[in-house]
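The lines below spell out each chain.
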Amino acid sequence: MIELGVLLIFLGVAAGVGTGVIFLIVGEMRGAPFVATDKRLLESMFAGIILKPQDTFVDLGSGDGRIVLWAAKKFGCRSVGYEIHPWLVWWSRWKARENKLKKAEFKREDFWKADISLADCVFCYLVPRSMERLGLKLEREGKRGMTVISRAFEIKRWKDKLILRKEVMGKRVYVYTMP
Ligand SMILES: C[S@@+](CC[C@H](N)C(=O)[O-])C[C@H]1O[C@@H](n2cnc3c(N)ncnc32)[C@H](O)[C@@H]1O
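Throughout what follows, the structure given in this document is the object of discussion. (Residues numbered from 1 in each chain as written. Predicted model: local features only at pLDDT ≥ 70, side-chain atom pairs only at ≥ 80, totals over all residues.)

Focus on the sheet that holds strand S3 (residues 104-107)
If you trace the seven strands from one edge of the open sheet to the other, you get S3-S2-S1-S4-S5-S7-S6, paired in mixed fashion. Two strands in the sheet have a free side with no partner beyond their single neighbour: S3 and strand S6 (162-168). Ignoring which end each strand starts from, the neighbouring axes of this sheet average 15° apart. Direction of pairing for strand S5 (residues 147-151) relative to strand S7 (residues 171-177): antiparallel, over a ladder of five bridges. The residue of S7 that forms the bridge with Arg151 is Val173. Against the sheet, helix H3 (residues 66-75) contacts strand S1 (56-60), strand S2 (78-82), S3 and strand S4 (121-124), and its axis sits at roughly 175° relative to S2. (Pairing = 2+ DSSP bridges. Helix = DSSP H or I, 4+ residues; strand = E, 2+ residues; numbered from the N terminus. Axes fitted to C-alpha atoms, helices over the stretch in contact; angles between N-to-C directions. Contact = placed C-beta atoms within 7 Å.)

Digging into H3
Of all 10 residues in H3, seven are buried; the element is thus mostly enclosed. By the burial criterion, the buried members of H3 are Ile67, Val68, Leu69, Trp70, Ala71, Ala72 and Phe75. Looking at the packing, one finds that the buried side of H3 touches helix H2 (42-45), S1, S2, helix H4 (86-98), S3 and S4. Just downstream of H3 lies Gly76, where phi reads positive at about 70°. (Buried ≥ 20, exposed ≤ 12 C-beta atoms within 10 Å, placed from the backbone.)

A closer look at the site of the ligand
Around the ligand sit 23 residues in total, of which Gly27, Gly31, Thr37, Gly61 and Gly63 are the nearest. Of the residues that constitute the shell around the ligand, the class distribution is 11 nonpolar, seven polar and five charged. (Near = placed C-beta within 6 Å. Nonpolar A, V, L, I, M, F, W, Y, C, P; charged D, E, K, R; others polar.)

Overview of the environment of Tyr174
Its location among the elements puts Tyr174 in strand S7. As for Tyr174 and Leu60, which are separated by 114 residues in sequence, their C-alpha atoms are 15 Å apart. If we skip the residues at most four places from it in the chain, Tyr174 touches Ser150, Glu154, Leu162 and Arg165.

Description of unusual backbone geometry
Here the phi dihedral of Lys100 falls at roughly 55°; this positive angle occurs in a residue that is not glycine. Its place among the elements puts Lys100 in the loop between H4 and S3. Its identity is not glycine, yet Ala152 carries a phi of approximately 80°, on the positive side. For Ala152, the position within the fold is in the loop between S5 and S6. Among the residues examined, Ala152 registers 17 C-beta atoms within 10 Å and is labelled partly exposed.

A look at the nonpolar core
With 41 residues, the main nonpolar core has Val58, Val68, Ala71, Cys121 and Val122 as its most contacted residues. Setting aside anything within four residues of it in sequence, one finds Cys121 in contact with Ile49, Leu51, Asp55, Phe57, Met146 and Thr147. (Core = buried A, V, L, I, M, F, W, Y, C linked by C-beta atoms within 7 Å.)

A word on the environment of Phe57
Note that Phe57 resides in strand S1. Accessibility expressed as a C-beta count within 10 Å gives 28 for Phe57, which makes it buried.

What follows is the structure in structure tokens.
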């Protein structure tokens, strides 16, 4: 009986770890691997960005939810994270509940299919190979005046939309606006 219990626990842990690893690989293949932005960068990265309570902020590939949670708290706006990894979504929702951040939402969805038409500000921290496709999606679906903040990588086709390029603690940040 004890052996069966041990076996079941082992199988449960193995299934959990296996699922976690599979979704890490899926994230890597679909857009970017999971690498969290250092929380100390946030204030400087968003310096000059003002969002009103009726605005919508979106993080495409929200990881552990830290930026969505931070934006919901700082600006009091609707703050939405799209994330492919179910564990990261679960963790983010738990943190939102724990911090009573009712305007923070997490969707377990592929961000390439996300509806970003209402977004006033979009954040992304992806990889160079995703930036061209991202630029096309945002051009097609984003609204006029939308701000886009990209950590680390530029959207090359958007040279005309770049309003600021800065370094925050040695990390590059690109800020664009949709005309
Ligand atoms: C570099 S991390 C950035 C996390 C977070 N934005 C931050 O800066 O702390 C990129 C995240 O995007 C997620 N991701 C990659 N492709 C995705 C896709 N197609 N749809 C949703 N999430 C995706 C990964 O699972 C990963 O958590």
